[in-house]
Structure formats: structure tokens, C-alpha cells
Amino acid sequence: LPALEALRRGLPGAFIGYVVEDRAHDLVSHHPSIDRVHLYRRKRWGRMAHQPIHWGAAAREFGSFVREIRREHYGIALDFQGNLKGALHGLVSGAPRRVGFARGHCKEHNYRFNNELVVPPGGTEKINRVEKFLSLAAHLGVSVEGAGYRLPETRESRERVNAYLAAQGLARYAAIHPGTSDFGALKRWKTERFAALAERIGRETPLKPVITWGPGERGLAEEIVAGSHGQSVLAMETRTILDLAELIRTARLYVGCDSGPLNLSSAVSPPSVALFGPKDPRVYGPCNPRSRVVKPGGSDGALPMSDITVQ
């Protein structure tokens, strides 16, 4: 999103299209800097791929998706993902200029499919993903200085969050998000430690811990609320990512593991505490200047999350 803002600011007359998967669709749908959103139905097509009876329908839908992109006659394709899927999107777009990362800065032989290759700043040094993505925008000659996050208008989300906070009588609260994706299970902190942390925050600070949750995570959040002995409350159900963003935005503090919601906290910028174990926070950590990373052994280590204590 910061790279998107740099492009829109530097190329105000450009037509900008954006390919996005289902799970992040709300972050770009109706975004003021985007002219056209192309939805890549990863979940739906993934399910259909395992059911031969639906192969024909999947092929037709994917063909329609490709034709939709090609109709816009894009001149440049920017490949931020740096993997095979991102490269294929660039190819099917028909764009004559396909800008991606050089060998060693992408995976799945992605560099073979692009015709303009960018070496991110720092060469082989590890840099944050935001800085890496900004380098693709800079390749087009636009200034990336001061490029920050912008989200779509969240009026409906703001109203839902305000209604929840009023019903709970909450004014000052800490948002704690314990969940990660199933793929990122190694990045989770122990449930009982989240509960102990919530209890201490509730007892020792003026903040009321609110345990946030996403699809399939309500049971986890309820377990933490129960384990905090009355010191925390269960968050509202967030219907969209923008609901969660608004709930985090109005918090006085955010605490969470290395996950999508942690990166969302960078976009809305409350003070945050990021819990890291196996991944490198220099690459995947928040770029919010009001964030603090807690990682056993420092950035270079790949230690288990269990090494992080409540203290």
C-alpha cells in the first residue's frame, strides 16, 4: 500500500489496476488510489481444483479473469510478490514492461518471467518488505519519500466499532490479537501466556484488554478471555478486515504475533508490541515507528515462541 501511494502521487494521471486475492480484497476494494480491482479467487479455484467435476467451470472463470485484465491494455506490470504466481499475472496481463525483483530477491525462478529487474536497496542486506516494495515504484522514477499507508474509507466499520465500544463502556483499551494463519502456526504464542498477559494489563494499567479474533479464531479468543479472570473482554465479530483495522486504530496499544493483523497495525499506527520467534523482524516486522519488537535472541536468531515470557 505505501508503494501504491507513491505511484499514485508520482503518476497522478495513470490508470492503476490491482490484482488481489479474496482474503485481502477489502483492503483495496474502493481504494481511492486504485482505478480497477481484479479479484483472484484463490480459495474458490483451489477448492475447485480438487474436484474434477468443477474443472471446466474453474477454467472458464480463470479465463474470464485473464480476459478482464487484458482488456485494460496495461503498459506496465509491477510484480511485488516475487513468486511464480506473481510472474504469471504479469505475463497474462500482456504488459510490455514487466518489472520485478532480480535473481536472489525473489523465488520460484520469478526473475525469468520479467524483463526489468530491480535490486532492492542494500543488495544482500535484509530490509523490510515495505522498503523492498517501494524500490519497484522508485524504478518507475517516482519519489518514494514519505510514502505511507492509506486504507479505503471505513465509515461503516467506524460505526460498528463505535457501537461495540459504547455497549462495552470502553474508552481506553488494548487490542490483543493472538491468532495467526494455520500456515503460520509456528509464529503463535502460547494461549495461557496471552491470558496471563491480558490479566496483567487489566490489573496493572488503565487499559482494558480486548481480545480480537478472525474467522475460526473465536474459540481461541474466548479461552484467553476466560483465562484472564475477568480482566479482558471478547472483541466484536469483525465482518471485514476494515472492521479489524478500525478496532486496532482506536486502541491505545496493540499486541500480536507476526501476522497480517500485526502488519495492519502499521497501517493504522497505534503503539504496538510485536512478538517474533522464527521469522526475522527486519524483513517481516512492523514499520510503525511506535512499535517495539520482542524477540528472544535478537533479530538473527530463529528461536521458538515459547522463549518469550509474559514479563
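For the structure, see preceding data.
Residues numbered from 1 in each chain as written. Predicted model: local features only at pLDDT ≥ 70, side-chain atom pairs only at ≥ 80, totals over all residues. Heavy atoms only, no water.

Enquirer: Please clarify how the pattern of salt bridges should be interpreted in this entry.
Expert: Where charged atoms from two side chains of opposite charge approach closely, those side chains can pair. Following the criterion strictly, the structure yields 21 salt bridges and no others. The partner of Lys126 in a salt bridge is Asp280, with the nearest N and O atoms 3.3 Å apart. Highlighted residues: Lys126 in the loop between β5 (116-118) and α6 (129-139) and Asp280 in the loop between β10 (272-275) and α12 (281-284), separated in sequence by 154 residues. Relative accessible area serves as the criterion here: at 9%, Asp280 is assigned to the buried category. Residue Glu222 is joined to Arg218 by a salt bridge in which the shortest nitrogen-to-oxygen separation is 2.9 Å. Placement of both Glu222 and Arg218 in helix α9 (residues 218-227) is noted, with a separation of four residues, approximately one turn of the helix. For Glu222, a relative accessible area of 38% translates into the label partly exposed. What makes Arg218 partly exposed here is its relative accessible area of 40%. Residues participating in the shared-partner salt-bridge network are Glu21, Arg23, Arg42 and Lys85. (Salt bridge = Lys/Arg side-chain N within 4 Å of Asp/Glu carboxyl O. Helix = DSSP H or I, 4+ residues; strand = E, 2+ residues; numbered from the N terminus. Buried < 20%, exposed > 50% of the residue type's maximum accessible area, 1.4 Å probe, protein only.)

Enquirer: Can you walk me through the packing of helix α3 (residues 42-49) against helix α4 (residues 55-70) in this structure?
Expert: Contact geometry of α3 with α4 gives a least axis separation of 9 Å together with a crossing angle of 150 degrees. When the axes of α3 and α4 are compared, the pair comes out roughly antiparallel. The crossing of α3 and α4 is left-handed. Residues Arg44, Trp45, Met48 and Ala49 of α3 form the contact with α4, whose participating residues are Trp55, Ala57, Ala58, Glu61, Phe62 and Phe65. Taken together, the residues of the contact of α3 with α4 sort by class into eight nonpolar, no polar and two charged. (Axes fitted to C-alpha atoms, helices over the stretch in contact; angles between N-to-C directions. Parallel < 35°, antiparallel > 145°, perpendicular 65-115°, else oblique. Left-handed = near helix turned anticlockwise from the far one by under 90°. Contact = heavy atoms within 4.5 Å. Nonpolar A, V, L, I, M, F, W, Y, C, P; charged D, E, K, R; others polar.)

Enquirer: Would you mind showing me how to read the nonpolar core here?
Expert: A general trend in soluble globular proteins is that nonpolar side chains are found buried together. Tyr164 and Trp189 are the most contacted members of the largest nonpolar core, which totals 46 residues. Setting aside its immediate chain neighbours within four residues, Tyr164 contacts Leu170, Val210, Val233, Leu234, Ala235, Met236 and Leu247. (Core = buried A, V, L, I, M, F, W, Y, C linked by side-chain atoms within 4.5 Å.)

Enquirer: So what exactly am I meant to see when it comes to the packing of aromatic side chains here?
Expert: All told, the structure shown has eight aromatic pairs when counted by the stated rule. Their ring planes at 85 degrees and their centres at 5.5 Å tell us that Tyr40 and Trp45 sit as a pair that is edge-to-face. Here Trp45 falls in the buried class, since its relative accessible area comes to 11%. In textbook terms, an aromatic cluster arises when at least three aromatic residues are bridged by ring pairs, as seen for Tyr40, Trp45, Phe62 and Phe65. Lying over the aromatic face of Phe101, Lys132 brings its terminal NZ or CZ to 4.6 Å of the ring centre. (Phe/Tyr/Trp six-rings, centres within 6.5 Å; stacked < 30°, edge-to-face > 60°. Lys NZ or Arg CZ within 6 Å of the ring centre and 35° of its normal.)

Enquirer: How should I be thinking about the packing of helix α7 (residues 155-168) against helix α10 (residues 241-249) in this particular structure?
Expert: The description of two packed helices rests on the angle between their axes and on the distance between the axes. The contact between α7 and α10 brings their axes to 9 Å, and the two run at 55 degrees. The orientation of α7 relative to α10 falls into the category oblique. At the point where α7 passes α10, the crossing takes the right-handed sense. Taken together, the residues of α10 that come into contact with α7 (itself represented by Ser157, Arg158, Arg160, Val161 and Tyr164) are Leu242, Asp243, Glu246, Leu247 and Arg249. The residue makeup of the contact of α7 with α10, split by class, is four nonpolar, one polar and five charged.

Enquirer: Looking at this structure, how should I read α7?
Expert: Owing to its 3.6 residues per turn, the α-helix aligns residues three or four sequence positions apart on the same side. With 14 residues, α7 extends 20 Å between its outermost C-alpha atoms, agreeing within 8% with the 20 Å of an ideal straight helix rising 1.5 Å per residue. All of the buried residues along α7 are Ser157, Val161, Tyr164 and Leu165. Along α7, the residues classed as buried sweep out an arc of 95 degrees about the axis, all on the same side. In this structure, α7 carries Ala166 and Ala167 as exposed residues pointing more than 90 degrees from its buried face. Along its buried surface, α7 packs onto β6 (173-177), β7 (208-211), β8 (233-234) and α10. Gly169 occupies a position one or two residues after α7 and carries a positive phi of about 70 degrees. (Expected span 1.5 Å × (residues − 1). Arc of directions from axis to C-beta.)

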